Structure formats: structure tokens, C-alpha cells
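Below are the chains, spelled out letter by letter.
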Amino acid sequence: MAEVYNPKIVEERIKKFWENEHIYKFDPKKSGKVFSIDTPPPTLSGKMHIGHAYSYSQQDFIVRFRRMFDGNVFYPFGTDDNGLPTERMIEKIKNVKSKNMKREEFIELCLKTLKEITPDFIADWKNLGVSCDYELYYSTIDDNSRKLAQKSFLELYKKGFIYKKAFPTLWCPECQTSVAQAELDDKELPSLFSTVRFKCDEKDLLIATTRPELLPACVAVFVHPNDKRYNNIIGEKAQVPLFNYKVPIIADESAQMDKGTGVLMICSYGDKYDAEAINKLKISPRIVLNYDGTLNIGKYKGMKIKDARKKILEDLKNAGLITEQKQITHAVNTHDKCGTEIEFLPTEQWFIRILDKKKDFLKQGNNIKWHPEFMHKRYDNWVNGLEWDWNISRDRHFGVPIPVWECKKCNEIIIANEKEIPIDPSEFKKKCPKCGQLAKGEEKVFDTWMTSSISPQIVYSLSNGRIKLPFSLRPQAHDIIRTWLFYTVVKSLYHENQIPWENTVISGFVTLSGEKMSKSKGNTVSPQEVMEKHSSDALRFWAAGSKLGEDLDYQEKDLIAGKKFETKLFNASNFVFMNLADYKYEKPKKLEKIDELFLKKLNNLVKSCTESFLNYEYSRSKLETEKFFWQMFCDNYLEIVKKRIYSSGGDKKISAQFALYAGLLVILKLIAPIMPFITEEIYQRHFKKIEKDKSIHISKWPSFNKEERTDILDLFIDVLTKVRQEKSIAKKSMKAEIVLILDKDTKNKLKDLLEDLKDVCCAKEIKEGKEFKVEFA
């Protein structure tokens, strides 16, 4: 019985082989060009999800090609395990709230939990076949990363890029921390648009709002200076319904005459524009929201925002203060970490100046090669749309501490000495150099992007000085162009006046029936289950089915196709080597014409695949190799040379064996970046003893010559295909003997291939006639 390929056993064995033999270890002493990757550190969230498997497979296709093509690859692995995402995960796993624990206790719990779950998390990447050098590992909360993040802060503070300021900032009531503009998601949410009766000189002044809970925060009313409906009340006072206090009516062009009633309620703080208006007019704010998302006023005190909204609408209705209500859907800013609607609350935060450097960031973006190019537009749009400086501080426990102290007596900011870092100012006392008083250590921590944005600096610190900016490549998903990619460009410019990488490759999302996968929709697919059911190679084969930047629908049939491919590759390899038992691995004195043409066809494939990979078009290379393997190699070439292998001797047989060996080896190498386990298994079984390279993945990528003409081989295949069709129509076996009639031109062109044509067609004779014809014996 033929041996059956068992991916579960093979993949586990190959994975151990790679690890034990250090196949992917970076060699800093090796001379020559290094292809360096600023590897995305996945957020440590328990398990790899299907989006991870998709995008990391795609970057690994490129890396594996480059390792074979360039010879030396710097491909470290890291985990992003500090800041808010980790806090929320620990809170969920341990069923705790960080705000209800002492800071040092919660940090200890986080570090302990991370130690427990990190090995299993990393194992998912190894199981997928991601070929990082896992010995070059970093965590965004380890000592080195904390030191470099704090060093970055100190440098930028000294350069004047960092400042601290108290004003209304984006705030998440669920996570109870400030957030940056880049952490906002726009969600279309349903809402009630209610028209409410304010009073002015005992007359109704109607104002439409979706935020009735902010009525007690109203500090002014705006009307457009050209709105004739309200000219006579500009400068008067309006009485706020339910809360019965008066606010000024001010002429301002921000009031849109065609929106609602044309009257705009200014609250502290409904949005950024409220904050700007209040600041411009120097109006005293009325803060009615607490940091935990509850109200702090009157009978609504302690109510959550949505509960207060409902109760205030009820009270307005009962008092006859609502004239109209309608259901609408509108875009609302939500926090990308938890989905909670964002508020604006006055807090003191740390910022990096970016608004005055937009042109510089756009220029840096132009100096990077984008794959695909259209993703560059997303970057430009983000930079052009920036409205805030980068808020880098978070009001949480777990993260990299901000290395400063502040003297409350003389407002002096004291920064850490570089020799002291990494340091937690809340646990280390410092005296004010001006007044001698004890300064208060900063309790805020960095936004996680403050650390992730120096990932190039973190990873090149692991290279023994071999790697520096710019890296060769940054691979990542398109949803974090506005965060990780943009902030890394900012830091590399501010610190080193350099682009961080020469190229960036951007992957898309995974969809199911056309919809983006998400836990909330319940339409997720577990990559662990997919690898268990099919194989890691099959999952990677599926991931190679789309171009960079494109979303890919998860379909079981694509996994089945991958499984069939690896099985066929295994069986075809066994068949080939069964027929190479007496082969001495030598080149024949003269190649048979059909073998020569096959190898030319193979040369053209290598040329095309190499060009595709160099242009980051792995999907094209995969498609062409897959097609060549099934159609040219299995369906045709193996059948063409079968009789010569079985029946001939001497140079004719050696010629076929030489071409079979060379052809299979090249096919393996071309598909190796996509399907590393099956190709390694076949290489170790059959090729290693001859080729000598320890692994196919550190062997040399196939070389190629200029494009070769193979039209005669194409004609041969065309004739063979027609013969097969005629046999099928006649319901004859493919082994049925025939007399083949070819027109003069075709027969003349195939004159050097007629013996092979006779063999593969089972033709007793090939005659010349007016046109193609098959006669059955």
C-alpha cells in the first residue's frame, strides 16, 4: 500500500527539527546583505485568532523567500503585552478590576499571569510555521523595552516635543483612561433626536439634541449671525429646561441654519468643538460627568450616562418640554479597545507635538515603498486629518511608567536621569532641585503605542549592532496604519531623522460570507481548529489566495484544495524517487528535446515567481507554481517520460531522471515559502543526502536565465490534450492504441519529439494528413 501523508505527525516532527537545529537563527557575523523585518508584536490576548494566522502567514511567505534569496534574515519575535489591552485581558481572566486594587498588587498579578500564558501564545505562531528567530525575543514590558521607551520620552522632552497640559481630552468611561485620536472607531449607532423647549423672554427657543444628559452641562447657546429667525435674541439669555438656569445666546458661524432648529447647544463637553468654543469665549465649564461615566448632579447623581439620558427624556416629556422626537442613526466615536462611546473630560495628560509636522510626516510616507500602493493614500488621509497632538499618557496601572516627578509647590517638572531607567517614579523618591521639597512621582503610564512605536529600536538593540534604520520591511494589517505605522514614522523621524523601513506590506482582513469576522457577531473561525482538522500548510495555502491588502473570505473548499495539493506533492515525490532508484545524480551527455523544453518551461516559471516575490506578489507565485505542478508536471510531464523511465536505458533514461529530479526540487523550493512543512519533509526524505543543505529553507533559491521559448512544448501538450479528449469522447482507455494523424506543419514542428508523443499517446504510428485526426486500432 502507498504511504499516506499524515500532516499532524510530520508537522510536529519538522517543527522540533527546526527548533533543535536552529534553522532560523540570525547570524550577526555573516557577511553580506541582511533582509531585516520589523516584526509586528501581536497583542498577547490568550490565543492567535484567524486574522493573525492570515497576516502572519503572508509576511512569512515573503520572509522565507528572502531567506533563500538573500541568505541572511533578521526576523525577531515579540509580544505586545503592556498597557490597556493587557490590563483588560487580565481583568477578564482573573475577574478583577485594576481600579479596585493597589497598583503594585495589580502589576504583580499581570506579570505573573503573562508568565503563565505567554509560552502557549507563542506556540500558536510556531505551529503555523512562522519562521522567526524565537531566541531573538522581546516583550514590550521587559526591562529593555521599558528602558528604551523611557529613553525615548527623555530625548523628546529635552527636544521640546513633549508637553503636559490640562484640558478636555478624549476619555473612555469604561477603561477610565484618556485615549488618543488614533484609538477611535466610528460606529453607526441608533439615537433619539429630541427637540427640547428652552425659554427666552418667556418664549420657546427650540433646540434639537441627541445628548439630553448634557443639558445640565450647557454653558451657552449659539445661533448663526445670518439667521434672521434669531437676530432679535442675540445677546439675551436662554433658560435651560429642567435645570432652570440661564446661559448666554451668542452669534457664531458654527451654528448650522439647516441642521435641526438652527440653534446649537454648547456643553462641557459634548465634543471637540464644544471644548474649542468654551476655551475661545473663556466661559466657565459645568462638569456633570464623572470619570466612570456617571452623572454628578441632582437626582441623576450616580446614574450611568445611558440611564440618565433615559430618565431626563422621561422628565422632559412629563413636563411637556419635548416638541418632537425622531429615531436617527449617526456616527459616534467609540474606543477601539472596548467599544464604549467616548466622552470629553478635563484631565491633565502628556502629549507629543505632531500637528505642526504634518508636511514632514507626509514626506516620510513618500519615501517608503507601499505594497499595495493604494494603502499609501490611507496614511496620507490620516495625517491630513489629524486634529490633536498625540496623547501618550494613560490613567491605568499596568504599563511603562512615565519617568517624571512634579513639585507641587513650585510646579517644577523633574525628569529621570538616563542612568536610572527603567524606573517607576511612584516607587522612587526625588527632591525638587529648586525648593528641596519631596516631588510627587508620576502615576500615569505610557500609551502602549508609545512603546510599540520604537519597535525598530527595540529589535535592532538585539542584533549586536548588525542592524540599523531603515529596516528592509514592516509587515502589518491596514487597521493599524493610523497607530503603529504612523507613530513609528513619527518616532524614527524625531529620534534619527530617518524612515523606519524601506518597504511596508499591508494585509487585509478575514471575512466570513463577506462579513468581517468578530467575536460580537459570533462568526469567528479558530485557526487552531483549522490546523488540527486540515494542516498548517493547508491554512497557509488558503492565506496565499489573496493579494496584499485584500480581504479574503474564509471558505472550507480552499483548505481542502490545500490539503489535496500537499497530498499530491507527497505522492508525486514518492513516485519520482521510486523511479530514481538507479539514478546516479549525474547530468546526461545530451538532454532529450522534450526534457530540455520542460526545463526551459521550468526556468520561465522560476523567473516569473522570483519577480513576483520581489514585488511582494506571493499569491501570483503560488498560483503559477500550483498550476505548473498540477498541469505541466503531474498531468503531462510525468506521463510523457513514464515509458522512457520504465523501458529505456542509457542517456535517454538518465535525461528523464535528471529532468525529474531537477524539476521536483525546483517546484519544492518555489512552494516552500507557502507550504514549509510538506516541502521540508520531502526534502529531508529525498534530497538532503544529495543537496547537503541542512534544510530546504536555508538552501539557495533557484536561479534562472532569460525567458526561454517553449512554444514547441505548448504545441506538444495541445496535441496530447486533443488525443485525450478524443479517447474520452470515444469512451476508450487512455492506454488504447491509436494511429495519430497530424497536418504537415504540426508534424514538422514536433519532429524531434515524435517518439515521446507516440509513447504518451500510445500511438502505433504518427502519419501526415490534412488535419488532426485520431484513428482507433
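As a reminder, the structure under discussion sits directly above these lines.
One structure accompanies this document, and this report is about it.

Cut-off values and rules
Residues numbered from 1 in each chain as written. Predicted model: local features only at pLDDT ≥ 70, side-chain atom pairs only at ≥ 80, totals over all residues. Heavy atoms only, no water. Helix = DSSP H or I, 4+ residues; strand = E, 2+ residues; numbered from the N terminus. Contact = heavy atoms within 4.5 Å. Areas by Shrake-Rupley, 256 points an atom, 1.4 Å probe, with all protein chains shown as cover. Lys, Arg positive; Asp, Glu negative; His and termini not counted. Charge placed at Lys NZ, Arg CZ, Asp CG, Glu CD. Salt bridge = Lys/Arg side-chain N within 4 Å of Asp/Glu carboxyl O. Buried < 20%, exposed > 50% of the residue type's maximum accessible area, 1.4 Å probe, protein only. Phe/Tyr/Trp six-rings, centres within 6.5 Å; stacked < 30°, edge-to-face > 60°. Lys NZ or Arg CZ within 6 Å of the ring centre and 35° of its normal. Pairing = 2+ DSSP bridges. Polar contact = N/O pair within 3.5 Å; in protein donor to acceptor, adjacent residues only side chain to side chain. 1 Å grid on protein atoms, 1.4 Å probe; cavity = no way out; pocket = protein on both sides within 12 Å on 5 of 7 lines; lining within 4 Å. Points joined across faces, edges and corners; volume = space filled by probe spheres on them. Nonpolar A, V, L, I, M, F, W, Y, C, P; charged D, E, K, R; others polar. Axes fitted to C-alpha atoms, helices over the stretch in contact; angles between N-to-C directions. Parallel < 35°, antiparallel > 145°, perpendicular 65-115°, else oblique. Arc of directions from axis to C-beta. Right-handed = clockwise from strand over helix to strand, strands pointing away. Core = buried A, V, L, I, M, F, W, Y, C linked by side-chain atoms within 4.5 Å. Patch = residues over 30% accessible without salt bridge, like charges linked within 9 Å, V, L, I, M, F, W, Y side chains within 5 Å.

1. Quick look at the overall build of the chain
Looking only at helices and strands, the chain has 22 helices and 30 strands in total. Structurally, the chain occupies a C-alpha span of about 110 × 60 × 45 Å along its principal axes. Long-range contacts, defined here as pairs at least 24 residues apart, represent 77% of the contacts in the chain between residues at least 6 apart. Taken as a whole, the chain presents about 35100 Å² of accessible surface, with 49% of it coming from carbon and sulfur. Averaging the coordinates of the 127 positive side-chain charges in the chain and doing the same for the 112 negative ones gives two points 1 Å apart.

2. Considerations on the pattern of salt bridges
Summed over all chains, the structure comprises 62 salt bridges. Where Arg64 meets Asp60, a salt bridge forms, and the shortest distance between an N and an O atom there is 2.7 Å. Of this pair, Arg64 and Asp60 both sit in helix 2 (residues 50-70), separated by four residues, roughly a single helical turn. Arg64 sits in the buried class, given a relative accessible area of 1%. By relative accessible area, which is 0% here, Asp60 ends up buried. Between Lys642 and Glu639 there is a salt bridge, with the nearest N and O atoms lying 3.1 Å from each other. With Lys642 and Glu639 both in helix 17 (residues 618-647), this residue pair falls three residues apart, about one helical turn. Where salt bridges share partners, they join Lys164, Glu348, Glu406, Lys408 and Glu442 into one cluster.

3. Things to note about the packing of aromatic side chains
The tally for this structure, following the rule as stated, stands at 49 aromatic pairs. Taking the centre distance of 6.3 Å and the plane angle of 50° together, the rings of Phe74 and Phe471 count as tilted. Taken together, the residues Phe74 in strand 2 (residues 73-74) and Phe471 in strand 23 (residues 471-477) connect sequence positions 397 residues apart. For Phe471, a relative accessible area of 0% translates into the label buried. Among the aromatic residues, those joined into a ring-pair cluster are Phe161, Phe361, Trp370, Tyr379, Trp390, Phe486, Tyr487 and Tyr494. Across from the ring centre of Tyr134, 5.1 Å away, lies the NZ or CZ of Lys126, which sits over that ring. Over the face of the ring belonging to Trp405 we find Lys430, whose NZ or CZ atom lies 5.1 Å from the ring centre.

4. Remarks on the sheet that holds strand 27 (residues 552-553)
If you walk across this open sheet you meet the three strands as 26-25-27, and the pairing is mixed. Each edge of the sheet is formed by a strand with only one pairing partner; in this case those strands are strand 26 (515-516) and strand 27. With two bridges joining them, strand 25 (residues 510-512) and strand 27 adopt parallel strand pairing. Looking at strand 27, one finds that Thr511 is bridged to Asp553.

5. Quick look at the sheet that holds strand 16 (residues 390-391)
Spatially, the four strands line up as an open sheet ordered 6-5-14-16, and their pairing is antiparallel. Each end of this open sheet is capped by a strand with a single partner; those strands are strand 6 (177-178) and strand 16. In terms of strand pairing, strand 5 (residues 162-172) meets strand 6 through two bridges, oriented antiparallel. Each residue of the ladder has a partner; that of Trp171, found in strand 6, is Ser178.

6. A short note on the side chain of Arg396
Topologically, Arg396 is positioned in the loop between strand 17 (393-394) and strand 18 (404-406). Side chain to side chain, Arg396 and Glu87 meet in a polar contact 2.7 Å long. A polar contact is formed between the side chain of Arg396 and the backbone oxygen of Cys175, at a distance of 2.3 Å.

7. Overview of empty space enclosed by the protein
This structure, assessed with the given rule, holds four cavities of 30 Å³ or more. Considering only enclosed or pocket space, the largest cavity measures out at about 60 Å³ in volume. Taken together, the elements giving at least two residues each to the lining of the largest cavity come down to helix 3 (84-94) and strand 22 (445-446). Each residue belonging to the lining of the largest cavity can be placed in one class, and the counts come to five nonpolar, two polar and five charged.

8. Some remarks on the packing of helix 16 (residues 593-614) against helix 17
Packing of helix 16 against helix 17 leaves a shortest axis separation of 10 Å and a crossing angle of 170°. Comparing their axes, helix 17 and helix 16 come out roughly antiparallel. Together, Ile594, Asp595, Phe598, Lys601, Leu602, Leu605, Ser608, Cys609, Ser612 and Phe613 of helix 16 and Tyr618, Arg620, Ser621, Glu624, Thr625, Phe628, Met632, Phe633, Tyr637, Ile640, Val641 and Arg644 of helix 17 make up the contact between the two elements. Class assignment for the residues of the contact of helix 16 with helix 17 results in 13 nonpolar, four polar and five charged.

9. Comments concerning the pairing of strand 21 (residues 438-441)
Across two bridges, the pairing between strand 18 and strand 21 is antiparallel. Its bridge partner lying in strand 21, Glu406 is registered against Lys440. Bridging between strand 20 (residues 430-431) and strand 21 involves two bridges; their strand directions are antiparallel. Paired with Lys430 across the bridge in strand 21 is Ala439. Two successive antiparallel strands, strand 20 and strand 21, enclose a turn made up of six residues, where Gly436 displays a positive phi of approximately 85°.

10. A closer look at helix 22 (residues 754-761)
Burial in helix 22 covers these residues: Leu754, Asp756, Leu757, Val760 and Cys761. The buried residues of helix 22 all sit within an arc of 160° when viewed along its axis, so they share a single face. Elements that come into contact with the buried residues of helix 22 comprise helix 16, helix 17, helix 20 (711-729), strand 28 (738-743), helix 21 (744-749) and strand 29 (763-769). Looking one or two residues past helix 22, Cys762 carries a phi angle of roughly 55°, positive in sign.

11. Thoughts on the pairing of strand 24 (residues 501-507)
By the criterion of burial, strand 24 is predominantly enclosed, with six of the seven residues buried. Alignment of strand 15 (residues 369-371) against strand 24, held across three bridges, turns out to be parallel. Counted as the bridge partner of His371 is Val505 from strand 24. With six bridges joining them, strand 23 and strand 24 adopt parallel strand pairing. Directly across from Leu473, in strand 24, lies its bridge partner Asn503. The parallel pair strand 23 and strand 24 is bridged by helix 12 (residues 481-496), and the resulting crossover is right-handed.

12. Description of the nonpolar core
Counting 187 residues, the largest nonpolar core has Phe153, Phe486, Trp542, Phe633, Leu740 and Leu757 as the members making the most contacts within it. Ignoring anything within four residues of it in the chain, the contact list for Phe633 reads Val576, Phe598, Phe628, Leu638, Leu660, Leu664 and Ile667. In terms of nonpolar packing, the next biggest core, distinct from the first, is built from 35 residues, Val223, Tyr245, Ile305 and Ile322 among them.

13. With respect to a negative patch on the surface
There is a patch of like negative charges on the surface, built from Glu104, Glu105, Glu108 and Glu427. According to the relative accessible area criterion, Glu108 is exposed, its value standing at 57%.

14. A closer look at helix 14 (residues 536-543)
Burial analysis of helix 14 places eight of its eight residues in the buried class, the great majority of the element. Turning to helix 14, its buried residues are Ser536, Asp537, Ala538, Leu539, Arg540, Phe541, Trp542 and Ala543.

15. Focus: the side chain of Glu626
Of note, Glu626 is situated in helix 17. Residue Glu626 is classed as buried on the basis of its relative accessible area of 17%. Not counting residues up to four positions away in its chain, the partners in contact with Glu626 are Phe541 and Phe565.

16. A word on unusual backbone geometry
That bond from Ser268 to Tyr269 is cis: its omega, 5°, falls within 30 degrees of zero. Examined against the element boundaries, Tyr269 turns out to sit in the loop between strand 12 (263-267) and helix 6 (272-281). Following Ile421, the chain continues to Pro422 via a peptide bond in cis, the omega torsion being 5°. Within the secondary structure layout, Pro422 lies in the loop between strand 19 (413-415) and strand 20. Backbone geometry at Tyr616 places phi at a positive 65°, although glycine is not the residue there.

Purely geometric stuff here, so don't read any function into it on its own.
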